[in-house]
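What follows is the residue order along each chain.
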Amino acid sequence: MTHEFDLAASLVDGVRGRSGAWSFIRGFAGHWASPLEVTDGWSETDLAAAEERLGVRLPAALREAYLLFGRRQDLTSNYDVLLGPAELYVDEAGQALVFRHENQGAASWGILLDSLQDDDPAVFSRTDLADKSAERWEGWLERLSLCFIEIVLSESLHADEERCDFLDSDESDVESLEENFVRLPFPLYPTGDDENGSRWFLGQDALLRDDAGAAIFARGRTAEDLDRARNLIPADWLNDYC
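Reading the values: rules and limits
Residues numbered from 1 in each chain as written. Predicted model: local features only at pLDDT ≥ 70, side-chain atom pairs only at ≥ 80, totals over all residues. Heavy atoms only, no water. Pairing = 2+ DSSP bridges. Helix = DSSP H or I, 4+ residues; strand = E, 2+ residues; numbered from the N terminus. Contact = heavy atoms within 4.5 Å. Axes fitted to C-alpha atoms, helices over the stretch in contact; angles between N-to-C directions. Parallel < 35°, antiparallel > 145°, perpendicular 65-115°, else oblique. Left-handed = near helix turned anticlockwise from the far one by under 90°. Nonpolar A, V, L, I, M, F, W, Y, C, P; charged D, E, K, R; others polar. Salt bridge = Lys/Arg side-chain N within 4 Å of Asp/Glu carboxyl O. Buried < 20%, exposed > 50% of the residue type's maximum accessible area, 1.4 Å probe, protein only. Core = buried A, V, L, I, M, F, W, Y, C linked by side-chain atoms within 4.5 Å.

### Here's the deal with the sheet that holds strand β11 (residues 215-220)
Then, number 1: Pairing is antiparallel across the open sheet formed by 5 strands, whose spatial order is β7-β11-β10-β9-β8. Looking at which strands have only one partner, the edges of the open sheet turn out to be β7 (164-168) and β8 (182-183).
Then, number 2: As defined by bridge partners, strand β10 (residues 206-211) adjoins β11 across 6 bridges and the pair is classed as antiparallel. Considered in β11, the bridge of Ala-206 is made with Gly-220.
Then, number 3: Strand contacts of helix α8 (residues 223-232): β7, β10 and β11, with the helix running at about 145° to β11, the strand carrying the most contacts.

In C-alpha cells form, the structure reads like this:
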C-alpha cells in the first residue's frame, strides 16, 4: 500500500535528528521528485578514498547523506553544488572541510575541522569577498542533517520553470504568504539572524521560501499547483507569463 507523504509532519521528525532527516528526504524525493534508488548514493569505497586523501574521518551525517542520495543532482545541485567525495577539500585557512559551493562561487558551506569528530556537526557558510582577510565562517544551521534537508528543499525550488517561480517581494506579498500558507517547522536560518533569516511555508502541494521579505521562491508539485499558489500572492512573478 502506498502512503501519502505528509510533508509537514515528516519535517517535524526530520528536524529532531539524523534518522528523521533521512526519512524526510526519502519521502520528499518519492513525492516531489522520484524515489531514491540504491544507486543514488556514493559507495563506501568513494568515501574511504576521500578520507584517506584528506586525512580526516568524515562525520557520520555526511557519510550517511552521501551514501543515501549524494549522486542525486536533482535533489542536491539544481542551483548550488554539492561536492562529490573526490571534490571535498579543506579551505586555504585550514579551518573547515568544504562540501558545497554557491552556483557562481560567491559562497561556500563547510564543517569546522575541530567539529569533524561530531556525528552531526554544525554547518557554517563563508562569503567570497574581494578582501580575503575579511572572510569569516559564519553560522548557517546547527546540524548537518538539517542542512541536508535545507539543500533538498532549496534545490527543489529550481527544478524547472513550469513548476518553480520567483518574486521580488514587498510587505503586502509577505502578508499574503502568511495569510494563505502554513509556516513549516524548520528553524529560521542562518543561525542567529532573527531579522534576515529564511522561512519555509506550505500550501496545497506548493512549497515556498521567504527570504527575509525580500524574495519569495515557490515550487508546485505540478504546474497547476504552482498557478494556484501564485494566485494567492497576486504579484509580478518572474515566470508567470499570463
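### Examining the packing of helix α1 (residues 7-14) against helix α2 (residues 18-32)
Then, number 1: The geometry of α1 relative to α2 is characterised by a closest axis approach of 7 Å and an angle of 155° between their N-to-C directions. The angle between α1 and α2 falls in the class roughly antiparallel. The chirality of how α1 crosses α2 is left-handed. Between α1 and α2, the residues in contact are Leu-7, Ser-10, Leu-11, Asp-13 and Gly-14 and Gly-20, Ala-21, Ser-23, Phe-24, Phe-28 and Trp-32, respectively.
Then, number 2: The residue makeup of the contact of α1 with α2, split by class, is 6 nonpolar, 4 polar and 1 charged.

### Observations concerning the pattern of salt bridges
Pairs may arise between side chains of opposite charge once their charged atoms sit close together.
Then, number 1: This structure, assessed with the given rule, holds 21 salt bridges.
Then, number 2: Of the charged contacts in the structure, one is a salt bridge between Glu-155 and Arg-100, with a shortest N-O distance of 3.2 Å. Taken together, the positions of Glu-155 in helix α6 (residues 144-156) and Arg-100 in strand β3 (residues 96-101) put the pair 55 residues apart, joining distant regions of the chain.
Then, number 3: With a relative accessible area of 2%, Arg-100 lands in the buried category.
Then, number 4: Connected through salt bridges with shared partners, the residues Glu-44, Glu-51, Arg-57 and Arg-63 form a single ionic network.

### Some words on the nonpolar core
Then, number 1: Counting 53 residues, the largest nonpolar core has Trp-22, Phe-24, Phe-28, Phe-69, Phe-99, Leu-144 and Phe-148 as its most contacted members.
Then, number 2: Considering every element that reaches this core, the biggest residue donor is α6, with 8 residues.
Then, number 3: Apart from the residues within four sequence positions on either side, Phe-148 is in contact with Trp-22, Ile-25, Ala-61, Leu-62, Ala-65, Tyr-66, Phe-69 and Leu-82.
Then, number 4: Within the second largest apolar cluster, 12 residues are counted, among which are Phe-201, Leu-208, Ile-216 and Ala-218.

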